[in-house]
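Chains, contacts and geometry: an overview
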Amino acid sequence: MDLILWRHAEAEEGSPDLQRPLTAKGQKQARRMAEWLDSQLPEGCKILVSPALRTLQTVEPLGRKYKVVQEIGPGASAQDVLRAVNWPKGKEAVMVVGHQPTLGQVAALLVGGQEAYWEMKKANAWWIVQKEADDPDSFYLKAVMAPELIVK
């Protein structure tokens, strides 16, 4: 199973939290990362998105169908995300567009083997693969990409 974690791009400060829009910089970050992801994601990749405005605005430039999932919104736990994507039993590629610290905690749990706080920068994508569904030692980090590293 492939699991792609995409943190939302830079958003305005303020409240209510769920209504914070992307900044102009965040919109540019989202477009750049969407271009790269679109060229890399397998066909049929399932995309799950937090209900927050900033995650919806982050995924929009990708131009693919997605599903809004309340359970992966701000304040979700790593276990909430793993349940939502059916990890490790899922067979299809799944991308989650969500928030820090949750996405960093998911990465730490899967790659590092224990819950920890790993920093995931805004608009970055981390691609984690599990080769064998029944083998917890078959995880590996396939890619980490930042929008500023994408060359046009």
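See the structure shown above.
Residues numbered from 1 in each chain as written. Predicted model: local features only at pLDDT ≥ 70, side-chain atom pairs only at ≥ 80, totals over all residues. Heavy atoms only, no water.

1. Things to note about the overall build of the chain
Scanning the chain for helices and strands turns up four helices and six strands. Across the chain, helices and strands are ordered from the amino to the carboxyl terminus as β-α-β-α-β-α-β-α-β-β. Scaling as 2.2 N^0.38, a compact globule of 152 residues should have a C-alpha radius of gyration of about 15 Å, and the chain matches this with 14 Å. Once the C-alpha set of the chain is aligned to its principal axes, its extents read approximately 45 × 35 × 25 Å. Looking at the chain as a whole, 49% of its 152 residues qualify as buried. By sequence separation, contacts in the chain at least 24 residues apart represent 62% of the contacts at least 6 residues apart. A total accessible area of about 7,800 Å² is found for the chain, and carbon and sulfur atoms account for 48% of it. (Helix = DSSP H or I, 4+ residues; strand = E, 2+ residues; numbered from the N terminus. Rg over C-alpha atoms; globule rule 2.2 N^0.38 Å. Buried < 20%, exposed > 50% of the residue type's maximum accessible area, 1.4 Å probe, protein only. Contact = heavy atoms within 4.5 Å. Areas by Shrake-Rupley, 256 points an atom, 1.4 Å probe, with all protein chains shown as cover.)

2. As for a nonpolar patch on the surface
Taken together, the side chains of V111, L141 and V144 make up a nonpolar region of the molecular surface, amounting to roughly 210 Å² of accessible area. Take V144: it is sitting in strand β6 (residues 139–145). Classification of V144 as partly exposed rests on a relative accessible area of 41%. (Patch = residues over 30% accessible without salt bridge, like charges linked within 9 Å, V, L, I, M, F, W, Y side chains within 5 Å. Salt bridge = Lys/Arg side-chain N within 4 Å of Asp/Glu carboxyl O.)

3. Observations regarding the nonpolar core
Ranked by size, the top nonpolar core spans 21 residues in total, and within it L3, L5, V85, W87, V96 and V106 carry the most contacts. Sort the elements by how many residues they give to this core and helix α4 (residues 102–112) lands first, with five residues. Among the nonpolar cores identified, the runner-up in size contains 20 residues, and W6, L41, A93 and I150 belong to it. (Core = buried A, V, L, I, M, F, W, Y, C linked by side-chain atoms within 4.5 Å.)

4. Focus on the side chain of R20
You can see R20 is positioned in the loop between β1 (2–7) and α1 (24–40). Its relative accessible area of 13% is what places R20 among the buried residues. Within the structure, the side chain of R20 is placed 3.0 Å from the side chain of D17, a separation counted as a polar contact. For R20, the contacting residues outside a window of four places in its chain are A11, E12, E13, G14, L53 and R54. (Polar contact = N/O pair within 3.5 Å; in protein donor to acceptor, adjacent residues only side chain to side chain.)

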